[in-house]
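Reading the structure
Here are the chains, one letter per residue:
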Amino acid sequence: MSVNLWSQETKLTIAVTSDIHGRFFPQNHLQGDDYDHSLAAIHAKVEELRAEHEHVILLDNGDLLQGTPAAYYAAYQQDGAPQMFSRMMNFMRYDAATVGNHDIECGPKVYNQLKHDFNFPYLGANVINEISQAPHFQPYTVLHKGGVKIAILGLTTPSVPNWLPPHLYDGLTFEDMVESARKWVGIIMENERPDVLIGLFHSGIGKRDVAEDEHPLENACAHIAHYVPGFDVVITGHDHGKRNELTENVNGSPVQILGPRHHAEYLGIVELTFQSRGSEKPLLSEMSGYHIPIDKDVVSQGFMEAFSNDIKAIDQWAKSYVCHIPKDVDAISSLFGPAQLTDIIHAVQLRFTEADISFTAPLSFNDTLRQGDLYMRDLFKLYPFENHLYTMSLTGQEILNYLEYSAGGWFNTMTSASDHLLNFRKGADGQVDMGREGSFRLARPYYSLDGAAGVHYTVDVTAPPGKRIQMKNLADGRSFELSETYKVAINSYRGSGGGNHLIEGAGIQRDNLKERIVTTSDVELRSLIGQYLKEQKEDELPQTATWQVIPQTFVERAIKSDIERLLMSKK
């Protein structure tokens, strides 16, 4: 690009965080040690950048909340306002943030308070208020730095209703990101005429080219960057990807795509250089992206001092006593069938509903609750997600189909005792795919491996997928009938369609899921687990297992070798 020698040069440094998920402080209140990274260390690096560069813009791309005891405490336990989240972001002097799906998950009391308390715009152009038919969050913002006019459009994944119970986003709808981007680019260009347009999208990279019937897209960044001209920079999030690529849109104009990864591991940087002369409009002449790895040991002392009282309160709450457990409870056992970990979750779900049957998956991979005193922080090992508890109405046939869908993706088809029990990811040749790092990976995530309680059945792993389940009777002795309707306890993520068990498995249309919901808990499941365990007699753990994987001789031999493969993949 040719530039007049007498032009004035302006450089902007765009610093971006995404998917922090509660990694605020070095202290890991879950494990009792330190995190590898934290927002406190991010702040130290941001202050360095501000000292080195004249024009720094700090942005966050969503999912600040959810994931740690600190985030949970600030969202649900801490009294008073403003909340710790807003005090923290204001202290760091963020210029804008986009709301993420896990921020919505904390409910309207939290995200509306943040919208009010942030000293900067909380963005979400495609999150629509049903009453006003306007964006519930600010759609875009315009910043001025060094004579350059910067417009920032915020969008978030429209898949929120697929994962969350309706009361958490009551009165809100989520527009397709692509349609919303086209609309707002037109508005911004006409009304603002910015020198640069940044898309701050809480959405993964996705595919550039997608079929029409795939819309709306959960991960739309690649598609928007190419097919919606106008953006100079697109920031990705949600999929936790670390990426830095320069691409082109349909008009042949360059677009810088940057993904900052997650958990405060990196600070994503986009450097923009502008040239201008006199009153002429600044011209974007160079742009580049890179990542700054965050040193966990270099933290902002000012940050730590400002939130020292919060840290003490969180630590005290995380160490509060829940109950005593008589033995170790490990997560990995639940990958191979009924286990104590899932027994506890089933017991809680049946205790707080009037359900006949409970569905759950293992929600931890290889954590262990140690024998002895159990504290509040330990519940995050047992149940790391902020799900609520549903009771849903399902027929016996739908329950059978649901369990077949789960078992079909869970277990390998065994022909001998030397085969894998678990369904590992396979390559094009049909053989177990070791992956680029020589690791064994499950065909489906461990949190998609649902089993049931309240009904007796077997899973025959020598049978082909779709024909593995043999239903027997309900745990109370009643017969199980395919034509009967039963109440099923299930978490809100699965009950909203997450994992497709109810859709592809049970065969229920996504649009019909809401009408199947009978009850929804007022609080999230982790709180119910804590309440349940406090009610139990000392040294007692529930036994709810009502199913079995067969043939037993195959299963027993395969478990040991499969565990070795799984743990090797996690090293």
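Just above, that's the structure.
Since the structure is predicted, the reported quantities are computational estimates derived from the model, not experimental observations.

**Looking at the sheet that holds strand β8 (residues 140-145)**
In spatial order, the strands read β8-β9-β11-β12-β14-β13; together these six strands make up an open sheet with mixed pairing. Of all the strands in the sheet, the pair left with one neighbour each is β8 and β13 (242-248). Pairs of neighbouring strands in the sheet enclose a mean axial angle of 20°, with direction left out of account. Both strand β9 (residues 148-156) and strand β11 (residues 196-202) contribute to a ladder of seven bridges, which runs parallel. Paired with I152 across the bridge in β11 is I198.

**Remarks on empty space enclosed by the protein**
Considering all chains together, one arrives at five cavities of 30 Å³ or more under this definition. Taken as a whole, the largest cavity spans an internal volume of roughly 70 Å³. Surrounding the largest cavity, 18 residues form its lining, P338, T342, H346, G451 and W547 being those nearest its centre. Taken together, the elements giving at least two residues each to the lining of the largest cavity come down to α10 (340-351) and β23 (451-453). The dominant element in the lining of the largest cavity, judged by the number of residues it contributes, is α10, at three residues. Residue composition of the lining of the largest cavity, by class: nine nonpolar, eight polar and one charged.

**A few points about the nonpolar core**
In this structure, F24, F25, L39 and F85 are the most contacted members of the largest nonpolar core, which totals 86 residues. Beyond its immediate chain neighbours, meaning those up to four positions away, F85 contacts F24, L64, L65, A71, A74, A75, V110, L114 and F118. Of all hydrophobic cores here, the second largest spans 46 residues; its members include Y390, M392, V455 and A506.

**Remarks on the packing of aromatic side chains**
Scanning the model with the defined rule gives 29 aromatic pairs in all. For the pair Y72 and W317, a centre-to-centre distance of 5.5 Å together with 20° between the ring planes defines the contact as stacked. Taken together, the residues Y72 in helix α2 (residues 69-77) and W317 in helix α9 (residues 308-318) connect sequence positions 245 residues apart. Take Y72 and W317: they sit in the same class, and that class is buried. Here the aromatic rings of F118 and F120 are separated by 4.3 Å at their centres, their planes lie at 20°, and the arrangement is stacked. Residue F118 is classed as buried on the basis of its relative accessible area, which comes to 8%. Taken together, the ring pairs in this structure connect F24, F25, F85, F91, F303 and F307 into an aromatic cluster. Geometry around Y266 places K242 over its ring, the cationic atom sitting 4.9 Å from the centre. We note R444 situated over the ring of Y405; from NZ or CZ to the ring centre the distance is 4.1 Å.

**Some words on the packing of helix α3 (residues 84-92) against helix α5 (residues 108-117)**
Running from N to C, α3 and α5 point in directions that differ by 30°, and their axes come no closer than 9 Å. Remark: the crossing between α3 and α5 carries right-handed chirality. Contacts between α3 and α5 involve F85, S86 and N90 on the former and, on the latter, V110, L114 and D117. Of the residues assigned to the contact of α3 with α5, the class counts are three nonpolar, two polar and one charged.

**Some remarks on the environment of G206**
Tracing the backbone shows G206 in the loop between β11 and α7 (221-227). Looking at G206, the relative accessible area reads 34%, which means it is partly exposed. Separated by 12 residues in the primary sequence, G206 and E218 have C-alpha atoms spaced 7.9 Å apart. Not counting residues within four places of it along the chain, the set of residues in contact with G206 comprises N219 and A222.

**Notes on helix α12 (residues 396-410)**
With 15 residues, α12 extends 21 Å between its outermost C-alpha atoms, agreeing within 8% with the 21 Å of an ideal straight helix rising 1.5 Å per residue. Of all the 15 residues making up α12, 13 are buried; the element is thus mostly covered by neighbouring parts of the structure.

**Notes on unusual backbone geometry**
Residue H215 is joined to P216 through a cis peptide bond whose omega torsion reads -5°. In this structure, P216 sits in the loop between β11 and α7. For the bond running from I550 to P551, omega is 0°, close enough to zero to count as cis. Mapped onto the secondary structure, P551 falls in the loop between β28 (547-550) and α17 (552-569). Positive phi is not limited to glycine here, since D19 has a value of about 50°. Locating D19 in the fold gives a position in the loop between β1 (8-17) and β2 (27-28). By relative accessible area, D19 is classed as buried at 0%.

Scoring rules and cut-offs
- Per-chain numbering applies: the sequence of each chain, read as written, is numbered from 1 onward.
- With the structure being a predicted model, the display of local features is reserved for residues of pLDDT at least 70 and the display and counting of side-chain atom pairs for 80 or more, all residues being used for whole-chain, interface and lining totals.
- Here the side-chain values reflect all heavy atoms present in the structure, with hydrogen atoms and water set aside.
- A strand pair is defined by DSSP finding two or more bridges across the two strands.
- Here a helix means four or more residues in a row that DSSP labels H or I, a strand means two or more in a row labelled E, and each is numbered from the N terminus.
- Each axis is a line fitted through C-alpha atoms, taken for helices only over the stretch in contact, and angles between the N-to-C directions span 0 to 180 degrees.
- Within this scheme a cavity is a closed region of a 1 Å grid, computed over the protein atoms alone, that accommodates a 1.4 Å probe without allowing it to escape, whereas a pocket is open but has protein on both sides within 12 Å along at least five of seven lines; lining residues each have an atom within 4 Å of a point.
- Grid points are joined across faces, edges and corners, and a volume is the space filled by probe spheres set on the points.
- Polar here means any residue other than Ala, Val, Leu, Ile, Met, Phe, Trp, Tyr, Cys and Pro, which are nonpolar, and Asp, Glu, Lys and Arg, which are charged; Gly is therefore polar.
- To define a nonpolar core, start from buried Ala, Val, Leu, Ile, Met, Phe, Trp, Tyr and Cys residues and group those joined through side-chain atoms within 4.5 Å.
- Relative accessibility under 20% of the residue-type maximum defines a buried residue, over 50% an exposed one, and the middle range a partly exposed one, all with a 1.4 Å probe and only protein chains included.
- In this analysis, two residues are considered to be in contact whenever any of their non-hydrogen atoms come within 4.5 Å of each other.
- Ring geometry is summarised as follows: Phe, Tyr and Trp rings, the Trp one being its six-membered ring, pair when their centres sit within 6.5 Å, and such pairs are stacked at plane angles under 30 degrees, edge-to-face over 60 and tilted between the two.
- Charges are assigned to positions over rings by a cutoff of 6 Å between ring centre and Lys NZ or Arg CZ, combined with an angular limit of 35 degrees from the ring normal.
- For a crossing to be left-handed, the near helix must be turned anticlockwise from the far one by less than a right angle; the clockwise case is right-handed.
- By this rule the span expected of a helix is its residue count minus one, scaled by 1.5 Å.

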